[in-house]
Each structure stands twice: as C-alpha cells, then as structure tokens.
Amino acid sequence: MDGFSSTFLSTLSQHPKSLLSPNYSPNTSSSLTLKVTSVRIEERPQTTTTTIRTKPQEKPTPPSKQTPKRELPVKPIPSRKPQELSFPSVIFNAFDDFINTFIDPPLRSSVDPRYVLSNNFAPVDELPPTDCEIVEGSLPPCLDGAYIRNGPNPQYLPRGPYHLFDGDGMLHSIRISQGKATLCSRYVKTYKYTIEREVGSPVIPNVFSGFNGLTASAARGAISLARAIAGQFNPTNGIGLANTSLALFGGKLFAHGESDLPYAVKLARDGDIITLGRHDFDGNLFMSMTAHPKIDPETNEAFAFRYGPMPPFLSYFRVEPNGTKTPDVPIFSMTRPSFLHDFAITKKYAIFSDIQIGMNPIELITGGSPVGTDSGKIPRIGVIPRYAKDESEMRWFDVPGFNIIHAINAWDEDGGNTIVLVAPNILSVEHTLERMEMIHACVEKVKIDLKTGMVSRHPVSTRNLDFGVINPAYVGKKNKYVYAAIGDPMPKVTGVAKLDVTVAETDRRDCIVACRLFGEGCFGGEPFFVAKNPNNPEADEDDGYVVSYVHNEKTGESRFLVMDAKSPSLDIVAAVKLPRRVPYGFHGLFVRENDLTKL
C-alpha cells in the first residue's frame, strides 16, 4: 500500500527533544491511551526467540547460485549488532532531528508513531522457522503448503512522522505439512532495507509521512539529495518497501509494493523465507508495478499496471505464463494522477477506477500531504480490452460517488456486452489516509452496458467491509461467494463475513449469508479462501476453508485460524497457537506445496 511512496524512518537518538521521549506530548485531540508493545531499536542487538526449534534451519545458498536472470542480487545481511554511525550519517541524522522536532513534528494522530504503532501494530523482530502448537481441531490435508501474509514492519523505530503504510515489508509464513505447522517471519530484503541496515540508520524518506507542506518537503528533499550525492543510496536501485501483497505468476513468487518493482522470494524446505532479488522481467519493467496483479486461473497469464505522477499516469501490461512481459499500453486518457491501487479483469476486459484520491498540490502548499482527495472530481470507470495493444478502445464511464481502493471481482454478461464489477465503495473517501477509523466501505455491484453506456449500481451489503476475496478459480468470471473482512472500525478487523452476491439484486436484501466474529479484544486481517479440491471442476465454489491470522490484544497471543467456508457460522476447524504475535498487516496468499517446490 505504498503507492507514490518511498520510506523515511529515523533512528532513535538521545536527543533531549526526541519525539518518543517520555516528556513528548503531541498536540493532538485524540484521547486514546497509546501503548507500544514491541519495537525494534537499532542500538541494541537483535533479540532471539525463546522457542526451541525442533529442526535445523536450512542455510541459504550463495546469492550467485540462487538469483535468476535479471533479478538484482541481494547482499548477505550481517546479524544485527550495535554499530558506530559514519560521520555523514551523524550529520544527516542531526538535520533529521531538527526537522522532526522543529519543522514537522508528528502533530496529527495519523502520523504520530506512538499512535500508529500502538498495540499489535508495533513491529516485531525476525523469527526463524519455529514449530507451532495446534490447540484446537486439526489442520485439513488440503492445507499442504504455506499461507504467507505481507505487511509493514519498520526496521527502525520512527522518531518523526510515521504513517501506517510506511513500514518495511515483512512476510509472516505458516508452512503446513502432514498436519504440522511452522511459523517464520522475515523482512523482504529490499534495496532500501539492505542499505539502511548497512548504514545503521534510515536513509530514504516517505511521501505519506515525510512531505507535509513546502518547508518540510524542501528540507527532507534536500537531505535525500545530499545522502544520494554522499553515496548512501542510489535511487535507481529502487526505493520501495515490498510491504503490500504477494502473487504467484510466471513461475515465481513475488512480494509487491506498488512504488517499486516486485521482489522474488522463495521458501526453503524448513520454512525459512529467502529474498532472491528485485525483478525487472529481463529489463522490460521500469519503475514500478501494481501490488494487485490479476492471474487468470485458466490461462495462467498475469495482468497488471503501473501508475505515477507523470504522464502517462497509467500504463497497462500483462505477463505471459513463461514470465515474459508484454509491452506497456500507455493510457493517456487518464488526464491527471489518481491513486490506482487495484483493478479487475474479465475474460474480455480490464477495468480501472479513476477515483477522487490522487496527487494534491494545493494540500502540499497549505501544509498537508501531497496525496489527498479532490471532492470536485467525478469518479469514473475505464474499460479496455484485456489484449489491447493501444488505448484506442479505452472507454470511460462516469460513476459519481464510486471510490474504490480494492476490487473484488468482475465478469462479462450478455455475450460481453455487459460488465459486472463487485467492489467495496468507500463512502467517506476524505478519511482514507488521515482518519481510517472513520472509513465505511459498502460493497456494491456495478453494471456497465457497453452498448448504451448506461451504468447501474446497487448495494450488496451495507456493513463496513473491505479486503474481499473469492475462490481464486473464479477470477474474471461470475462468482457467487465473497469473503470479506469486517471493519469495526478499520484498520482493525473484528471478523469475517461471507456474502452471496447473487442475492440482493432483485429484493435488495443484505447478502451476508455467514459470519464469524473473533471475539472481544480479538482482531484479524484479510481472509483468504483455500479450496479443498482445486483440481476438481465439479466442486462447489465454497467447498474449502477460510484462513487468517488473529490476535488477542488481552492476552497478547496470536493464532492462525482455519474456518469451514460452507458452514453458516464459518466454524473453526483448526486453531494454531503461534510462538509469538503476528502484527496486523495487509494482503496474503496460500501457496500449495507443489508450487513451492518449483520456486
């Protein structure tokens, strides 16, 4: 979720006015009691887990042997230890201290690290493969593989402004084999993570929390330029976080963050996570890529796009099953930059949403973030043939009030003359970046008649739902069931709702047909559907399991839950107690064992 962004995290110093000192009191209206339960500070050695491992950790092969063609190799990372900062780092960090204390302190709760990193949003250390205890039920045989979830986990404790989207990507993988489970948590070894670990302090700033107003933007921009000139980092090597999602296509498993190229990763036999390198598809992918590529389950093609603040603001492309990227299709009819986080495909079309969130220079001038909302803009949906070679057939349809961050699915009807899109519509889009707890997303079904140009909409559920997923076998074709996270409020998830999107169109009923709440003080994340028999075309669409990480804020314990997707209350089939907590995060993926062995 790090679009338009790079990352800025400051080291914790002994500055008398450190923003995380006990005497610091930000000027905020929030009355919440904030508690950081776990943080990483670069001045202390990395902590070790007290859980006894029952099998040895496999040592990664040297980078020269494991890095495929065109993937930029990642240097081996030494173990964390206190290190003496170089003279340039001391100078640059002193300027950072001055900016964070006097020019742009974190006065708003949305960028106050004491608020953003409270409770289970606080970062954790890496965890080597560690055996887990099954405390309820048993793990189904079809869960032979690994559920991996991505999310932000800052390498250094922030001293200045920090937004939820800012953290370095960390993958939390639970590998399941013969009914047993092993948890592993590793950073994606991005270029940013690697150089900042080598330098011993943060180097690269972030757009969401680092550029608020002209003065702060100019000051942090100047320091970044000075760091680059001093050789602390090379922006051409990528400045992204890889903290948003995962996708399996072209024979590789990728960790994604939309401000950079994807990073290829793999799992070792013992469950350890290894970063292979930054991947540019033989030099054919530049700058960035969406964190939400769509994989057609029948053709194994991956459809994707990239967007940015300079024309063309949107470029569309696909990746063949063999990993070959097709040429970009630039979309010049998108006339200004929009925050385009997700999209959808059908068997005939690719569907984009031009929403009210985008680059906002007026806000930057008045002291706000460069990414904001434009209430005067009319949202619209763009439709282009999915095998288009140029944008000549791109069509745009105005859809007032329809602002989506995530798309759930889309399909063709009436022989391809009608497109149906299902997605959560954010009703309070102005709060998307600043006050996420005030967001309410209503799942809607939108129909576009390509012959007449008519657009019709109706709500599928009025409950606050997002992070909707489906049976992956139904991507791009008509599906019946959706599994969505219940926000109460977002970004915390209190449960999972199962929707039947074939009802409610004629009788306007709310289409929730099953629901599971995690309980008081318990919060989860995005659900994921795993089919029992993925190779059986006759199997019911909902014949499988819904999985998610869930954390109990009262006990501090995290669990991996497996729920029966067919049951009216999404009954718990298995609960795995994790050896340590898993912070709240973003998007995940289940990868079957036969696919893991091919990586």
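This one's a predicted model, so the numbers in the text were calculated from it and none came from an experiment.

Focus on the environment of Leu267
Then, in step 1: One can find Leu267 in strand E9 (residues 263–267).
Then, in step 2: With 330 residues separating them in the primary sequence, Leu267 and Thr597 have C-alpha atoms 8.5 Å apart.
Then, in step 3: Dropping the residues within four chain positions of it, Leu267 is found in contact with Ala146, Ile148, Ser173, Arg175, Asp272, Ile273 and Leu596.

Some details on the sheet that holds strand E24 (residues 455–461)
Then, in step 1: One open sheet accounts for 4 strands, arranged E21-E22-E23-E24; its pairing is antiparallel. In the strand order of this sheet, the two ends are held by strand E21 (409–413) and E24, each with one partner. Taking each pair of neighbouring strands and ignoring which way they run, the sheet shows an average axis angle of 25°.

Some points on a nonpolar patch on the surface
Then, in step 1: Where nonpolar side chains cluster on the molecular surface, the patch consists of Phe87, Ile91 and Phe95 and spans about 340 Å² of accessible area.
Then, in step 2: Residue Phe87 is classed as exposed on the basis of its relative accessible area, which comes to 64%.

A look at the sheet that holds strand E16 (residues 349–354)
Then, in step 1: Pairing in this open sheet of 4 strands is antiparallel, and the strands run E15-E16-E19-E20 from one edge to the other. Across the chains shown, the open sheet's two edge strands, defined by having one partner strand only, are strand E15 (344–345) and strand E20 (395–398).
Then, in step 2: Relative to E16, E15 runs antiparallel, the two sharing 2 bridges. The partner of Ala344 across the bridge, within E16, is Ile351.

Here we look at the UniProt feature "binding site: Fe cation" (unreviewed entry) in the protein
Then, in step 1: Under the UniProt annotation, the feature "binding site: Fe cation" (unreviewed entry) is placed at His292, His341, His406 and His587. Considering the C-alpha atoms alone, the annotated residues occupy 296 residues of sequence yet fold into one spot, their largest mutual distance being 12.7 Å. Restricting the annotated residues to those that line the largest cavity leaves His406 and His587.
Then, in step 2: A residue is classified by how much of its surface remains accessible, and His292, at 10% relative accessible area, is buried.
Then, in step 3: Along the chain, His587 turns up in the loop between strand E33 (572–577) and strand E34 (588–592).
Then, in step 4: Of the residues examined, His587 reaches a relative accessible area of 5% and is grouped as buried.

Quick look at empty space enclosed by the protein
Rolled over the atoms, a probe with the dimensions of a water molecule shows which regions are left empty.
Then, in step 1: The final tally for this structure, using the stated rule, is 6 cavities of 30 Å³ or more.
Then, in step 2: Estimates place the volume of the largest cavity at around 320 Å³.
Then, in step 3: Along the wall of the largest cavity there are 23 residues; nearest its centre are Met436, Asp466, Phe467, Met490 and Pro491.
Then, in step 4: Of the residues belonging to the lining of the largest cavity, the class tally is 15 nonpolar, 6 polar and 2 charged.

Brief notes about the pairing of strand E7 (residues 245–249)
Then, in step 1: Where burial is concerned, most of E7 is hidden: 4 out of the 5 residues are buried.
Then, in step 2: Where E7 and strand E8 (residues 252–256) come together, 5 bridges link them in antiparallel fashion. Residue pairing in the sheet places Ser245 in a bridge with His256 of E8.
Then, in step 3: Hairpin geometry of E7 and E8 is characterised by an intervening segment of 2 residues between the two adjacent antiparallel strands and by a positive phi of about 60° at Gly250.

Observations regarding the nonpolar core
Then, in step 1: Core analysis: the largest hydrophobic core is formed by 55 residues, its most contacted members being Tyr316, Phe343, Phe352 and Ile384.
Then, in step 2: Sorting the residues of this core by element identifies strand E12 (302–307), strand E13 (314–319), strand E14 (329–331), E16, strand E22 (418–426), strand E26 (481–487) and strand E27 (493–500) as the ones contributing at least two each.
Then, in step 3: Each residue touching Tyr316, except ones within four places of it in the same chain, is listed here: Phe303, Ala304, Phe305, Pro327, Asp328, Val329, Phe343, Ala350, Phe352, Ile384, Pro385 and Arg386.
Then, in step 4: With 44 residues, the next largest nonpolar core counts Ala255, Leu267, Val582 and Leu596 among its residues.

A closer look at helix H2 (residues 87–103)
Then, in step 1: In this model, H2 (17 residues) spans 23 Å end to end at C-alpha, consistent with the 24 Å of a helix rising 1.5 Å per residue.
Then, in step 2: What H2 keeps buried is the set Ser89, Phe92, Asn93, Asp96, Asp97, Ile99, Asn100 and Thr101.
Then, in step 3: Packed against the buried residues of H2 are helix H4 (191–199) and helix H6 (214–229).

Observations regarding H6
Then, in step 1: Over its 16 residues, H6 extends 22 Å from the first C-alpha to the last, a length consistent with the 22 Å expected when each residue adds 1.5 Å.
Then, in step 2: Residue Gly231 follows H6 closely and has a positive phi angle near 85°.

Regarding the packing of aromatic side chains
The geometry of two aromatic rings is summed up by the distance between their centres and the angle between their planes.
Then, in step 1: Under the criterion given, the structure shown has 19 aromatic pairs.
Then, in step 2: Consider the rings of Phe254 and Phe281, whose centres lie 5.7 Å apart with planes at 45°: the pair is tilted. Linking Phe254 in strand E8 with Phe281 in the loop between strand E10 (273–279) and strand E11 (294–295), this pair joins segments that are 27 residues apart in sequence. This pair shows no difference in class: Phe254 is buried, exactly as Phe281 is.
Then, in step 3: With 6.4 Å between their ring centres and 85° between their planes, Tyr307 and Phe339 make a pair best called edge-to-face. With Tyr307 in strand E12 and Phe339 in the loop between E14 and E15, the pair connects residues that are 32 residues apart, well separated along the chain. Phe339 shares its class with Tyr307; the two are buried.
Then, in step 4: Feature note: the residues Phe305, Tyr307, Tyr316, Phe339, Phe343 and Phe352 constitute an aromatic cluster, connected by ring pairs.
Then, in step 5: The side chain of Lys477 reaches across the aromatic face of Tyr474, ending 5.1 Å from its centre.

Notes on the packing of H2 against H6
A pair of packed helices is characterised by two quantities: the angle between their axes and the separation of those axes.
Then, in step 1: For the pair H2 and H6, interaxial distance at closest approach is 11 Å and the crossing angle is 170°. One way to sum up the angle between H2 and H6 is to call them roughly antiparallel. Counting all contacts with H2, which are made through Phe92, Asn93, Phe95, Asp96, Ile99, Asn100 and Ile103, the residues of H6 involved are Thr215, Ala216, Ala219, Arg220, Ile223, Ala226 and Arg227.
Then, in step 2: Classifying every residue of the contact of H2 with H6 by side-chain character gives 8 nonpolar, 3 polar and 3 charged.

About the criteria used
- Residues numbered from 1 in each chain as written.
- Predicted model: local features only at pLDDT ≥ 70, side-chain atom pairs only at ≥ 80, totals over all residues.
- Heavy atoms only, no water.
- Helix = DSSP H or I, 4+ residues; strand = E, 2+ residues; numbered from the N terminus.
- Contact = heavy atoms within 4.5 Å.
- Pairing = 2+ DSSP bridges.
- Axes fitted to C-alpha atoms, helices over the stretch in contact; angles between N-to-C directions.
- Patch = residues over 30% accessible without salt bridge, like charges linked within 9 Å, V, L, I, M, F, W, Y side chains within 5 Å.
- Areas by Shrake-Rupley, 256 points an atom, 1.4 Å probe, with all protein chains shown as cover.
- Salt bridge = Lys/Arg side-chain N within 4 Å of Asp/Glu carboxyl O.
- Buried < 20%, exposed > 50% of the residue type's maximum accessible area, 1.4 Å probe, protein only.
- UniProt positions renumbered as here; feature names shortened; annotations may be inferred.
- 1 Å grid on protein atoms, 1.4 Å probe; cavity = no way out; pocket = protein on both sides within 12 Å on 5 of 7 lines; lining within 4 Å.
- Points joined across faces, edges and corners; volume = space filled by probe spheres on them.
- Nonpolar A, V, L, I, M, F, W, Y, C, P; charged D, E, K, R; others polar.
- Core = buried A, V, L, I, M, F, W, Y, C linked by side-chain atoms within 4.5 Å.
- Expected span 1.5 Å × (residues − 1).
- Phe/Tyr/Trp six-rings, centres within 6.5 Å; stacked < 30°, edge-to-face > 60°.
- Lys NZ or Arg CZ within 6 Å of the ring centre and 35° of its normal.
- Parallel < 35°, antiparallel > 145°, perpendicular 65-115°, else oblique.

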